[in-house]
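Tertiary structure, described
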Amino acid sequence: MNADFREGVLDARRALGAVWSGTVATASLLLLAAVGVLEGQAIGSGTSARHVQLRLLAGVAFGLVLPLVAFAASARVGGRLRDLMTMSWARYGGNRRVFALGRVALVALGGGALTASIGVLALWLGSATAAPTLELPPSWVNLLTVTWVALLGAASYTTAFSAAHLYAGNAGRVLFLIADWLLGSSTGALALPWPRAHLRTLLGGTAPLSLETHDAALCLLAITIVATFLYTRRLPA
Amino acid sequence: MSGLVLERVWSTPLAGVSLELRGGIGVVVGDETDGTGELACICAGVRAPRRGRVALDDRAPFASPATRRSIASLLPDETLPPGLDVRGWLAPLEGLLGISAATVLDDTKLEPTRALAGLTSAERRTLALAIALAHPSPRLVVLHDPLASGDADVRQRTLARIADLGRGSAVLVTTPSLADARRLGGSVYQLDRGLLSPAPQAAWPGGSSAGGAVVIDIEADEPRALLAALALAPTVIELRFDETHGLISARGAELEPLANAIARAAVDARTTLRLLRPQTDDLDAARALHTGSLHAAYAAARNRAQSGVIVRPPQGGSNER
């Protein structure tokens, strides 16, 4: 691994810290458990059990945990231009862009792993709370799908938050979160630039402009690439 | 020969600063509010100028990692990564800069296992200074107030190393201290509220001595306590106290030691200074005193007193703590 990238990853790991990461993971699990218990009481048929699974996945794991964790992690790691310019490693001659990408990569990977874990637990919770006669067993295909969607979603959210932070500071991150919530929940053309709309499509929800599922994945990838490009463009090497 | 070039650099508070340093030692005297810290950051490559051009051998330090590797620097505010100890921080820098961690540890006398988060501001600066001075072959050395801390031995060693570095590369030192500027030698520039003097001065103008003795009028909340403390300062040659107006006049041989003595006396007497005003009959000397040198001397005194002395500059400036 490139030394600058490795130092960026290590720097982000130190900045996040075990206590913060553990607290966030625990809070996410408790949130899922609480919602799971409340939703589980309403399960009466196979269809309703599947709906509960979907609500836990789309509503809690991907709708709440993923954006909020990416938002909080980007604040924790810090990414204002002034901060990145004075980072010690870059100050002593490390490549600032590669270093910063290392930091973003760790946050994206951590957010993706946490969301995937929460998503898998949501699937399991849906299966476990459903009556055995409803035949809702966990499936490997579902697990793999949840994992790659979580990683792609985390990458798009993390890079977008990082770019917003770099260009407009904390206000930029907050505005992105609000816009993602408001505009990403719609199904028109305005929903296209926001990860929420495409994650919803990938999880079986209504797609903006009736896009196909694979188009939603491509849109998430495009958001990630554009945000990464803007991020590295703004930051001097 | 390598060289640092700044062309009409604007960056708050710097206002169109131009400077060319091809080698040797250049000293920029001014307070941090004048922009010395910003200048050091721009030259070290941790900040990009808002406008203008900065280049070391035709490459901008803020945009070129290779150029930054060849810069040894001490910044006004040294932030270190959290979660590491001193040894863990120095290890990757050995590969990056070619420095010897053992030399740095030896110079700083810091325990290798000390957590970076537990270092005081002075220790962080000491560590950064040791890293800068251990650089084997810098093309540019940028040091902000390198003589501000440390005992006499450390200062002497720092001076010797800076002189040594000045023989092979360009060295830019920014400092608020006139005395330090004189100790460092080289070309002296004055940075006053963002404006850099256009030409270097071989020796500092007479503002530092104001034609021999310097007299400063002082008003303080507790003038008697301050008077008692000033009476113990060997730098103060003569003291007068106008009881009606509560005005103390202190005479000394040079401005900076006198300002230091006043600052220390204010700390000892636990009093707040309300006024510091130099007395001089010489118009040129008065101008020199009022255009920065006195401010710089106050800043140096304030930094070294390291306490809550409130100094009100003589020309309508804001309070400084």
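So, here is what we can say about the structure in this document. (Residues numbered from 1 in each chain as written. Chains lettered and ligands numbered in written order. Predicted model: local features only at pLDDT ≥ 70, side-chain atom pairs only at ≥ 80, totals over all residues.)

1. Comments concerning the overall build of chain A
The cut-off we apply is this: Working definition: helices are DSSP H or I runs of at least four residues, strands are E runs of at least two. Numbering for both runs from the N terminus. Around each residue's C-beta, the other C-beta atoms within 10 Å are counted; 20 or more make the residue buried, 12 or fewer make it exposed, and counts in between make it partly exposed. All C-beta atoms are placed from the backbone. We call two residues in contact whenever the C-beta atoms placed from their backbones are within 7 Å.
When helices and strands are counted, chain A shows 9 helices and 0 strands. Along its sequence from the N terminus, chain A presents helices and strands in the succession α-α-α-α-α-α-α-α-α. With the C-alpha coordinates of chain A rotated into their principal frame, the extents come out at 65 × 40 × 30 Å. The buried share of chain A, reckoned over its 237 residues, is 49%. Residue pairs in contact within chain A that sit at least 24 positions apart in sequence constitute 74% of those at least 6 positions apart.

2. Regarding the interface of chain B and chain A
In this complex, chain B contributes 20 residues to the contact, which on the side of chain A involves 15 residues. At the level of secondary structure, the elements contributing two or more residues to the side of chain B that touches chain A comprise helix 2 (65-69) and helix 3 (86-97) of chain B. The element that contributes the greatest number of residues to the side of chain B that touches chain A is helix 3 of chain B, accounting for 4 residues.

3. A closer look at the packing of helix 7 (residues 140-184) of chain A against helix 9 (residues 213-234) of chain A
All names here are of chain A. Heads up, the condition is: Here an axis means a line fitted to C-alpha atoms, over the contact stretch when the element is a helix, while the angle between two N-to-C directions is reported on a 0 to 180 degree scale. Here the word oblique covers every angle except those under 35 degrees (roughly parallel), over 145 (roughly antiparallel) and from 65 to 115 (roughly perpendicular). Left-handed describes a crossing in which the near helix is turned anticlockwise from the far one by less than a right angle; the clockwise case is right-handed. Side-chain classes are defined by residue name, with Ala, Val, Leu, Ile, Met, Phe, Trp, Tyr, Cys and Pro counting as nonpolar, Asp, Glu, Lys and Arg as charged, and the others, Gly among them, as polar.
As a packed pair, helix 7 and helix 9 sit with axes 8 Å apart at the nearest point and diverge in direction by 30°. If you check the angle between helix 7 and helix 9, you find them roughly parallel. By crossing handedness, the relation of helix 7 to helix 9 is classed as left-handed. From helix 7, Leu152, Gly153, Ala155, Ser156, Thr159, Ala160, Ser162, Ala163, Leu166 and Tyr167 reach across to helix 9, where they touch Ala217, Leu220, Leu221, Ile223, Thr224, Ala227, Thr228, Leu230, Tyr231 and Arg234. Considering only residue class, the contact of helix 7 with helix 9 consists of 13 nonpolar, 6 polar and 1 charged.

4. Let's talk about helix 5 (residues 121-133) of chain B
Residue and element names in this part refer to chain B. Put simply, the rule reads: Expected span, for any helix, means 1.5 Å times one less than how many residues it has.
Under the 1.5 Å per step criterion, the end-to-end length of helix 5 is 18 Å for 13 residues, consistent within 8% with the ideal 18 Å. For helix 5, the full list of buried residues reads Arg125, Thr126, Leu127, Ala128, Leu129, Ala130, Ile131, Ala132 and Leu133. Where helix 5 is buried, its residues meet strand 5 (71-74), helix 3, helix 4 (101-108), strand 6 (140-144) and helix 6 (152-168).

5. Quick notes on the sheet that holds strand 13 (residues 273-279) of chain B
All names here are of chain B. So the rule is basically this: A pair of strands is treated as paired once DSSP finds two or more bridges between them.
If you trace the 4 strands from one edge of the open sheet to the other, you get 11-12-10-13, paired in antiparallel fashion. Each of the sheet's edge strands pairs with one partner strand only, and the pair in question is strand 11 (236-242) and strand 13. Each strand of the sheet is rotated relative to its neighbour by a mean of 20°, with strand direction disregarded. Across 6 bridges, the pairing between strand 10 (residues 214-220) and strand 13 is antiparallel. Residue pairing across strands places valine 215 opposite glutamine 279, the latter belonging to strand 13. Against the sheet, helix 8 (residues 223-231) contacts strand 10, strand 11 and strand 12 (247-252), and its axis sits at roughly 160° relative to strand 11. Its contacts with the sheet place helix 9 (residues 255-269) against strand 10, strand 11, strand 12 and strand 13, and it is angled at close to 20° to strand 10.

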